[in-house]
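# Breakdown of the fold
Given next are the chains, with one letter for each unit.
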Amino acid sequence: MVHDAVIVGTGFGGMGAAIALRRLGFDDLVMLEREDDLGGTWNVNRYPGLAVDIPSATYSYSFEPNPYWSRLYAPGAELKAYCDHVATTYDLRRHMRFGVNATGATWDEQAKVWTVDVEDGDPVQGRFLLTATGFLSQPRLPDIEGIDSFAGTVLHTTQWDDDVALEGRRAAVIGTGATAVQLIPEIAPRLAELTVFQRTAIWVTPKSDAAVPERLQRLYARVPLTQRVARNAGSAVLEAIMVSGVLRYRQLGEARSDLG
Ligand SMILES: Cc1cc2nc3c(=O)[nH]c(=O)nc-3n(C[C@H](O)[C@H](O)[C@H](O)COP(=O)(O)OP(=O)(O)OC[C@H]3O[C@@H](n4cnc5c(N)ncnc54)[C@H](O)[C@@H]3O)c2cc1C
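Computed from a prediction, not measured in an experiment: that's the story for all the values here. (Residues numbered from 1 in each chain as written. Predicted model: local features only at pLDDT ≥ 70, side-chain atom pairs only at ≥ 80, totals over all residues. Heavy atoms only, no water.)

The next subject is the nonpolar core. In this structure, Phe12, Met15, Leu79, Val86, Leu92, Met96 and Ile187 are the most contacted members of the largest nonpolar core, which totals 35 residues. Elements represented by at least two residues in this core include exactly β1 (2-8), α1 (12-23), β2 (29-33), α3 (76-89) and α4 (178-187). For this core, the element with the highest residue contribution is α1, accounting for 6 residues. Here this core spans two domains, since at least three of its residues come from each of domain 1 (2-131) and domain 2 (147-197). Here Phe12 is in contact with Trp42, Tyr59, Ser60, Tyr61, Leu79, Tyr82 and Cys83, once residues within four sequence places are set aside. Residues Val6, Val30, Val118 and Val124 belong to the second largest nonpolar core, which totals 7 residues. (Core = buried A, V, L, I, M, F, W, Y, C linked by side-chain atoms within 4.5 Å. Buried < 20%, exposed > 50% of the residue type's maximum accessible area, 1.4 Å probe, protein only. Helix = DSSP H or I, 4+ residues; strand = E, 2+ residues; numbered from the N terminus. Domains from an automatic or database assignment. Contact = heavy atoms within 4.5 Å.)

Take a look at the structure:
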């Protein structure tokens with residue numbers, strides 16, 4: 001059977017694509033997901049301190065605002081709940097097949113059909129193929145000699161295990177990217193000793209996070225235009241910061257290469 005489209009991934013990208021396709025009149029969709037639940041990034045990541053780094057009014061679908069974000073930068077669990085809400089509201093679950101790992105795809109030019117191969121199952125065919133597999137969904141342990149035989153516990157943040165007791169123990173965090181910045185303040189007070197390994201210094205600015213007062217949440221719910229204004233204002237500031245940051249970084253890079 002040839003479906004209208006095959007979408008690989010059920011994160012923000014895959015669900016957004018499915019909603020857009022449905023609006024265009026394509027209803028026969030198959031969404032393949034190797035995990036056993038939807039949400040992508042916000043499904044697999046459950047480590048302490050997980051939250052968005054982009055204000056939540058902006059980090060959400062423009063057509064499905066959530067007036068009830070508890071904080072300016074919502075915690076990860078709220079993002080997962082939002083993904084579930086979107087899937088229910090737009091009736092996406094009926095398209096989803098969980099525990100299905102797509103391993104490859106081929107295009108038949110004559111038949112104009114994509115055939116997507118899956119692990120341990122029959123191939124799936126569609127007129128369109130959309131890969132929404134994310135760029136941060138593949139956990140990778142660093143190639144550190146001896147890591148396989150390390151006697152202690154090794155935890156990757158995408159496979160966080162709350163049953164591992166941290167209290168009073170000695171631990172090391174490898175890396176100081178956005179995830180480490182969220183994780184370290186949460187676990188440090190629980191540990192007896194924490195060592196952080198940083199290969200490359202990063203730029204860090206204070207996160208001006210705050211709870212969204214319930215009164216404001218109610219206003220957003222009653223008058224959605226107010227949240228749209230907040231979103232647009234926040235997005236404009238964010239774009240300006242990003243663009244100026246990228247330009248400055250490029251200039252610094254060019255200056256360094258001029259120095260040889
Ligand atoms: C901890 C963390 C925090 C982040 N915070 C922010 C933030 O604050 N702001 C921001 O803009 N971005 C943030 N990001 C980036 C985030 O990944 C994107 O914002 C967004 O969630 C990506 O959505 P996606 O649907 O493209 O990919 P994902 O959410 O990664 O979803 C991809 C899905 O595809 C599935 N998949 C992959 N390969 C296959 C396959 N072969 N077969 C079947 N299924 C497959 C995966 O299991 C996954 O469910 C963060 C990322 C991480 C990891």
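Next up on the list: the pattern of salt bridges. The final tally for this structure, using the stated rule, is 12 salt bridges. In this structure, Asp209 and Arg71 form a salt bridge, with 3.0 Å as the shortest nitrogen-oxygen distance. Of this pair, Asp209 sits in the loop between β8 (193-197) and α5 (214-222) while Arg71 sits in the loop between α2 (41-44) and α3, and the two are 138 residues apart along the sequence. Asp209 gets classed as partly exposed once you look at its relative accessible area, which sits at 28%. Glu167 is the partner of Arg190 in a salt bridge, and the nearest nitrogen-oxygen pair spans 2.9 Å. Of this pair, Arg190 sits in the loop between α4 and β8 while Glu167 sits in the loop between β6 (124-131) and β7 (170-174); the two residues are 23 residues apart in sequence, bridging distant segments of the chain. In this structure, a network of salt bridges that share partners links the residues Arg22, Asp27, Asp91 and Arg94. (Salt bridge = Lys/Arg side-chain N within 4 Å of Asp/Glu carboxyl O.)

Right, let's talk about the domain arrangement of the chain for a bit. You can read the domains of the chain as domain 1 (2-131), domain 2 (147-197) and domain 3 (214-259). Each partner contributes to the interface: domain 1 provides 10 residues, whereas domain 2 provides 10 residues. Among the residues of domain 1 in contact with domain 2, Tyr47, Pro48 and Gly49 are the three that bury the most area, contributing 64% of the side total. Taken together, the links from domain 1 to domain 2 amount to 0 salt bridges. Counting across the domain 1 and domain 2 interface gives 3 residue pairs in polar contact (both at pLDDT 80 or more). Its residues assigned to classes, the side of domain 1 that touches domain 2 comprises 6 nonpolar, 2 polar and 2 charged. (Buried area = accessible area lost by both parts, 1.4 Å probe. Polar contact = N/O pair within 3.5 Å; in protein donor to acceptor, adjacent residues only side chain to side chain. Nonpolar A, V, L, I, M, F, W, Y, C, P; charged D, E, K, R; others polar.)

This paragraph deals with α3. With 14 residues, α3 extends 20 Å between its outermost C-alpha atoms, agreeing within 8% with the 20 Å of an ideal straight helix rising 1.5 Å per residue. Within α3 the residues assigned to the buried category are Gly76, Leu79, Lys80, Tyr82, Cys83, Val86 and Ala87. One side of α3 holds all its buried residues, which, seen down the axis, span an arc of 155°. The exposed set on the far side of α3, more than 90 degrees from its buried face, consists of Ala77 and Thr88. Its buried side turned inward, α3 meets α1, α2 and β3 (96-98). Just past α3, the residue Asp91 takes up positive phi, approximately 50°. (Expected span 1.5 Å × (residues − 1). Arc of directions from axis to C-beta.)

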